[in-house]
Amino acid sequence: DRWNWKKSLYNVKLISSQSDYALPPDFYQIATEPTYNGIMMVEVEPEQWTRYTYDPQITATLSSGSPLVYMVDRALFRVHPTPSSDTISIAPHIQLVYYRRPPSRLTITSDSSNPPDLPPEFIEAVISFAKWKLKIHLQFDDFELEEKRYMQVVQRQIENDYLSVHPVRVRPRNWSSANFG
């Protein structure tokens, strides 16, 4: 998965007889189906949710116990049936893997108390790139050394990404399609 760095794991702590739980503030959308006690839960739409929670035939058999279905409603994670104290003693959490909300765009301000929200794995590459481009702009003679450092950092990140399906090559500076004729 190319966007693996945007995923986050959140353990929803269950409370007996409670069906609504707050989602994390940076929640964007669910990445994989939540699991309770190793079993995947089933997502339901709002129309189905009312059927699960208000239909007398369903609520008679599924009023409390192990959560089986869920629904995301704005900033709430809703489960049904509501967990009982017996099921919470067996498995007190629901594992929720979600995509984080993208940070707001960077703006140039003099406020240093609000640093940019940049994933830590990108910081070294950004610094190397900035040094390389700054040395080109300032016409330093050793700008090629910074370019090599930048290429090494990027290559190391690609190699460290264990989810990469195909090895990616960084194109040389004077690359053209004629090289592969």
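Residues numbered from 1 in each chain as written. Predicted model: local features only at pLDDT ≥ 70, side-chain atom pairs only at ≥ 80, totals over all residues. Heavy atoms only, no water.

Draft legend 1. Highlighting the packing of aromatic side chains. Throughout the structure, instances matching the rule amount to five aromatic pairs. An aromatic cluster is built from Phe129, Trp132 and Tyr150, whose rings are joined through pairwise contacts. A cation over a ring is seen here: Lys133 above Trp132, with NZ or CZ 4.4 Å from the ring centre. (Phe/Tyr/Trp six-rings, centres within 6.5 Å; stacked < 30°, edge-to-face > 60°. Lys NZ or Arg CZ within 6 Å of the ring centre and 35° of its normal.)

Draft legend 2. Representation of the confidence of the model for the chain within the structure. Averaged over every residue, the pLDDT of the chain is 79; residues scoring 70 or more account for 71%. The secondary structure element of the chain with the lowest average pLDDT is helix α2 (residues 56-61), at 57, and the one with the highest is strand β2 (residues 20-22), at 94. (pLDDT = per-residue confidence, 0-100. Helix = DSSP H or I, 4+ residues; strand = E, 2+ residues; numbered from the N terminus.)

Draft legend 3. How the structure looks around the pattern of salt bridges. Counted according to the given criterion, the structure contains seven salt bridges. As a salt-bridge pair, Arg78 and Asp20 come within 3.3 Å of each other at their nearest N and O atoms. Highlighted residues: Arg78 in strand β8 (residues 76-80) and Asp20 in strand β2, separated in sequence by 58 residues. For Asp20, a relative accessible area of 29% puts it in the partly exposed group. Connected via shared salt-bridge partners are Asp20, Asp73, Arg74 and Arg78. (Salt bridge = Lys/Arg side-chain N within 4 Å of Asp/Glu carboxyl O. Buried < 20%, exposed > 50% of the residue type's maximum accessible area, 1.4 Å probe, protein only.)

Draft legend 4. Representation of unusual backbone geometry in the model. The residue after His80, namely Pro81, is reached through a cis peptide bond having omega -10°. Looking at the element boundaries, Pro81 is found in the loop between β8 and β9 (82-83). With a phi close to 55°, Asn37 is a non-glycine residue in the positive phi region. By the secondary structure assignment, Asn37 is in the loop between β3 (27-36) and β4 (39-40). The phi dihedral of Gln139 is positive, around 60°, even though this residue is not glycine. Within the secondary structure, Gln139 is located in the loop between α4 (120-137) and α5 (143-160).

Draft legend 5. Structural detail: a nonpolar patch on the surface. Together, Leu134, Leu138 and Phe140 make up a nonpolar patch on the protein surface, roughly 290 Å² of accessible area in all. Note that Phe140 resides in the loop between α4 and α5. (Patch = residues over 30% accessible without salt bridge, like charges linked within 9 Å, V, L, I, M, F, W, Y side chains within 5 Å. Areas by Shrake-Rupley, 256 points an atom, 1.4 Å probe, with all protein chains shown as cover.)

Draft legend 6. Focus on the sheet that holds strand β5 (residues 42-43). Reading across the sheet, the four strands line up as β2-β8-β7-β5 and stay open at both edges, with mixed pairing between neighbours. Each edge of the sheet is formed by a strand with only one pairing partner; in this case those strands are β2 and β5. Sheet topology places strand β7 (residues 69-73) next to β8; five bridges connect them, and they run antiparallel. Looking across to β8, one finds that Tyr70 is bridged to Val79. (Pairing = 2+ DSSP bridges.)

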